[in-house]
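Residue strings, one per chain:
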Amino acid sequence: RLNLCEAGTVNKAVGLPACLELASKRPRWSDKIGAYVLTFGGRVTMPSVKNFQLVATGDPAEEVVLQFGKIGNDEFTMDVRWPLSPLQGFERERQ
């Protein structure tokens, strides 16, 4: 889980809370291949334990806001969308 907070701010125009908590999207079972899978819309082309997608917790639609995956030997792709910025996509969780 990743918690993105901006002290005391709320984006009332779009109804976002001051904090946005992200979690890994749960894969779904595929009877066709007999394994758990995530759908990357053709953007990720190779299986890897490093492949993941993040969604906002509490979002019933589970819209992916960040996805990371393998596309070749030692090559990876990352897609990020609003409400995250590209800079936030590369930020590491602080402890």
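Anything mentioned here points back to the structure above.
Below, the structure is looked at part by part. Computed from a prediction, not measured in an experiment: that's the story for all the values here. Along each chain, residues carry numbers from 1 onward, in the same order as the chain's sequence is written. Under the rules for a predicted model, residues below a pLDDT of 70 receive no local features and side-chain atom pairs below 80 are neither given nor counted, while totals for whole chains, interfaces and linings still include all residues. Only hydrogens and water are removed before side-chain values are computed, so all heavy atoms of the structure are retained for them.

## Side note on the packing of aromatic side chains
Here is the rule: When the centres of two rings from Phe, Tyr and Trp lie within 6.5 Å, Trp using its six-membered ring, the rings pair. Their planes under 30 degrees apart give stacked, over 60 give edge-to-face, and anything left gives tilted. Only DSSP runs of H or I with at least four residues qualify as helices, and only runs of E with at least two residues qualify as strands; both kinds are numbered from the N terminus onward. In this scheme, a residue with accessible area under 20% of its type's maximum is buried, one over 50% is exposed, and one in between is partly exposed, where area comes from a 1.4 Å probe on protein chains only.
Overall, the coordinates contain three aromatic pairs when judged by the stated rule. Both rings, one in Phe52 and one in Phe68, keep their centres 5.7 Å apart while their planes meet at 25 degrees; by these two values the pair is stacked. Residue Phe52 is found in strand 5 (residues 52-56), and its partner Phe68 is found in strand 6 (residues 64-72); the two are separated by 16 residues along the sequence. Looking at Phe52, the relative accessible area reads 30%, which means it is partly exposed. Given the relative accessible area of 24%, Phe68 is considered partly exposed. A ring pair is formed by Phe68 and Phe76, whose centres lie 5.3 Å apart and whose planes are at 10 degrees; its orientation type is stacked. The class of Phe76 is partly exposed, set by a relative accessible area of 32%. Among the aromatic side chains, those forming a connected cluster through ring pairs are Phe52, Phe68 and Phe76.

## Re the pattern of salt bridges
Condition: By salt bridge we mean one thing: a side-chain nitrogen of Lys or Arg within 4 Å of a carboxyl oxygen of Asp or Glu.
Taken as a whole and judged by the stated rule, the model has three salt bridges. A salt bridge links Glu62 to Arg28, with the nearest nitrogen and oxygen atoms 3.4 Å apart. Residue Glu62 is located in the loop between strand 5 and strand 6, and its partner Arg28 is located in strand 3 (residues 28-30); the two are separated by 34 residues in the primary sequence. On the accessibility criterion, Arg28 (52% relative accessible area) is exposed. For Glu63, the salt bridge is made with Arg81, and the minimal N-O distance between the two is 2.9 Å.

Purely geometric stuff here, so don't read any function into it on its own.
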